[in-house]
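# Summary of structural features
Below are the chains, spelled out letter by letter.
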Amino acid sequence: MQLHIRKQITGFFNQENEVNKIMVEKKTAGHYAVQAVFVIILVILALSCLLPLLYNLAVSFSSKEAAEAGLVSFWPVGFTVKAYQEIMGESAFFVSFFVSVKRVVVALLITIPTLTMAAYPLAKSKQEFAPRNIILWIFVFCMLFSGGTIPWYMVMKNYGLINNILGLAVCGGIPVFNLILMVNFFQDIPKELEEAAMVDGAGAWYILTHIIVPLSKPVIATIALFTIVTHWNDFFQGLVLSTGEKYYPLQTYIKQLIFQVDTSTMTAEQIKQASMMSNTTMNAAKIFISMIPVLCIYPFLQKYFVTGITLGGVKE
């Protein structure tokens, strides 16, 4: 009798182990299937970003005839570096290139300190900083509702910011999304650090510069990357705030290359220049060169990017 019961108990546990094993195998198979779907989606997204870059690079190294005939795919046809040689002799391109460099540098020097000083008090509670909510809602309202292009242009003109590198750097105002990102990050820094510094006699400026800022490298790097990409890729504000080619930032200069021109009223020299500007391979080379600075900067800031975006995004 005892032997029979023992066999039944052993059989029950063996059967349960087999069921658990099957469930683990099914779970593992399902897990791998989900991972495979995610990998496929990520590969498609990566290719959607990479293939246009490869195509543009292939066109820049192809012959003018092959590019204009649409024979280039993702490999150069009639390989040549003539487009890059022509760019080396085009001063207007490099003038615009350095205008964009100066614009990005000035924008970083203004945006990062401004956002840091604005986010620090806004990260406090209402008890610590009474007008916090009012000021924050004003920022959000201005982000959602702008005055329009014409009033914006009139303000920039009245302050003498036309054909001015400072105008290109501050033309977008305070980036409110970046401000909110920094406020959320500051709120996640332990309050005990600030309280301990206050006990030792530290003031607000000392706490901000010696405690908050050193701990905020991820969010500062993320905002710096956003600022660089935004100002480097913008063309419209440069088009509105610049009255001559020598004041154009790089993307505005490149954008001008695709405008249709009326050659009926142009001189022979102007037609020659317009023909050169409409060169498909040369334009592709200029576009690729304009990508290089951001492509070089991103790897150095990438390690901070995910942390800067996600930290502070979830509240307990």
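As a starting point, this report considers the structure included with it. All values reported here derive from a predicted model rather than from experimental measurement. (Residues numbered from 1 in each chain as written. Predicted model: local features only at pLDDT ≥ 70, side-chain atom pairs only at ≥ 80, totals over all residues. Heavy atoms only, no water.)

### Comments concerning the packing of aromatic side chains
Inspection of every chain in the model, using the stated rule, returns seven aromatic pairs. Judged by centre distance (5.4 Å) and plane angle (90 degrees), the rings of Phe 93 and Phe 94 are edge-to-face. Given the relative accessible area of 0%, Phe 93 is considered buried. (Phe/Tyr/Trp six-rings, centres within 6.5 Å; stacked < 30°, edge-to-face > 60°. Buried < 20%, exposed > 50% of the residue type's maximum accessible area, 1.4 Å probe, protein only.)

### Considerations on the nonpolar core
Membership of the largest hydrophobic core comes to 27 residues, with the highest contact counts inside it found for Leu 179, Met 182, Phe 186, Ile 207, Ile 212, Val 219 and Ile 223. For this core, the secondary structure elements donating two or more residues are α4 (91-122), α5 (132-144), α8 (176-187), α10 (204-215) and α11 (217-233). Counting residues per element, this core draws most heavily on α8, at seven residues. Apart from residues no more than four positions distant in its own chain, Ile 207 is found in contact with Tyr 120, Glu 194, Ala 197, Met 198, Ala 202 and Ile 212. Ranked by size, the runner-up nonpolar core spans 18 residues in total, among them Leu 53, Ile 87, Ala 92 and Phe 288. (Core = buried A, V, L, I, M, F, W, Y, C linked by side-chain atoms within 4.5 Å. Helix = DSSP H or I, 4+ residues; strand = E, 2+ residues; numbered from the N terminus. Contact = heavy atoms within 4.5 Å.)

### Points about the pattern of salt bridges
For the coordinates displayed, the defined rule picks out two salt bridges. The partner of Arg 103 in a salt bridge is Asp 234, with the nearest N and O atoms 3.0 Å apart. Separated by 131 residues along the polypeptide, Arg 103 in helix α4 and Asp 234 in the loop between α11 and α12 (236-241) bring together distant segments of the chain. The class of Arg 103 is buried, set by a relative accessible area of 0%. On the basis of relative accessibility, which here comes to 18%, the residue Asp 234 falls in the buried class. (Salt bridge = Lys/Arg side-chain N within 4 Å of Asp/Glu carboxyl O.)

### Quick look at α11
In this model α11 runs 24 Å from its N-terminal to its C-terminal C-alpha over 17 residues, within 8% of the 24 Å that 1.5 Å per residue would give. With twelve of 17 residues buried, α11 is to be regarded as a mostly interior element. (Expected span 1.5 Å × (residues − 1).)

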